[in-house]
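Fold and geometry: a report
Here are the chains, one letter per residue:
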Amino acid sequence: SDPLVKCSTSKSGQHIIAGAGELHLEICLKDLRQDYMKGADVRVSEPVVSFGETIDSETGYDDKFPSVCVSKSPNKHNRLYVSAEPLQEK
């Protein structure tokens, strides 16, 4: 019933549920257990992130791209100013 959830079955017979994040998947699994399986137990593996990306340096660092990105809306009344920097390592 959720358009962001994709369900498939792997060649090994495992059912795969893909969603928009770990919290989203937890909510989907709760709904699956309570609403559709009447409380039956479900074996769940650790979530797998298929792809993730980030930046590795601050914008404008190499003088190739501007340090601030500017975008205007079609009606020319709204402007967006964005800069980016890497997250701190934990």
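These numbers come from a predicted model, not from an experiment.

Here we take up the overall build of the protein chain. When helices and strands are counted, the protein chain shows 1 helix and 4 strands. Secondary structure elements of the protein chain, listed N to C terminal, follow the sequence β-β-α-β-β. Within the protein chain, the fraction of its 90 residues that count as buried is 8%. Restricting the contact set of the protein chain to residue pairs at least 6 apart, pairs at least 24 apart contribute 23%. As presented, the protein chain carries roughly 8,800 Å² of accessible surface, and 54% of it is formed by carbon and sulfur atoms.

Once that is clear, we can look at the side chain of Ser73. Its place among the elements puts Ser73 in the loop between β3 (69-72) and β4 (79-82). Of the polar contacts made by the side chain of Ser73, one reaches the side chain of Asn75; its length is 2.5 Å.

Turning our attention to the pattern of salt bridges. Throughout the structure, instances matching the rule amount to 1 salt bridge. Of the charged contacts in the structure, one is a salt bridge between Lys30 and Asp31, with a shortest N-O distance of 3.6 Å.

Looking at chain direction, strand β1 (residues 6-9) and strand β2 (residues 15-18) are connected through 4 bridges and run antiparallel. Bridge pairing links Lys6 to Ala18 in β2. Hairpin connection between β1 and β2: a loop of 5 residues separates the two successive antiparallel strands, and Gly13 in this loop has a positive phi of roughly 95 degrees.

Along the chain, the position of Pro47 falls in the loop between α1 (22-36) and β3. Along the primary structure Pro47 and Ile17 are separated by 30 residues, whereas in three dimensions their C-alpha atoms are 9.7 Å apart.

This next bit is on the confidence of the model for the protein chain. Across the protein chain, the average pLDDT comes to 82, with 89% of residues at 70 or higher. Here β3 stands out as the element of the protein chain with the lowest mean pLDDT, 74, in contrast to β1, whose mean of 92 is the highest.

Once that is clear, we can look at α1. Its 15 residues place the ends of α1 20 Å apart at the C-alpha level, agreeing with the 21 Å of an ideal helix rising 1.5 Å per residue. Taken together, the buried positions of α1 are His24, Leu25, Cys28 and Leu29. Buried positions in α1, seen along its axis, are confined to an arc of 135 degrees and lie on one side of it. Of the exposed residues in α1, the ones pointing more than 90 degrees away from its buried face are Glu22, Leu23 and Gln34.

On to the side chain of His24, then. Turning to its location among the elements, His24 is positioned in helix α1. On the accessibility criterion, His24 (17% relative accessible area) is buried. Beyond its immediate chain neighbours, meaning those up to four positions away, His24 contacts Asp2, Leu4, Val5 and Gly19.

Parameters and conventions
- Residues numbered from 1 in each chain as written.
- Predicted model: local features only at pLDDT ≥ 70, side-chain atom pairs only at ≥ 80, totals over all residues.
- Heavy atoms only, no water.
- Helix = DSSP H or I, 4+ residues; strand = E, 2+ residues; numbered from the N terminus.
- Buried < 20%, exposed > 50% of the residue type's maximum accessible area, 1.4 Å probe, protein only.
- Contact = heavy atoms within 4.5 Å.
- Areas by Shrake-Rupley, 256 points an atom, 1.4 Å probe, with all protein chains shown as cover.
- Polar contact = N/O pair within 3.5 Å; in protein donor to acceptor, adjacent residues only side chain to side chain.
- Salt bridge = Lys/Arg side-chain N within 4 Å of Asp/Glu carboxyl O.
- Pairing = 2+ DSSP bridges.
- pLDDT = per-residue confidence, 0-100.
- Expected span 1.5 Å × (residues − 1).
- Arc of directions from axis to C-beta.

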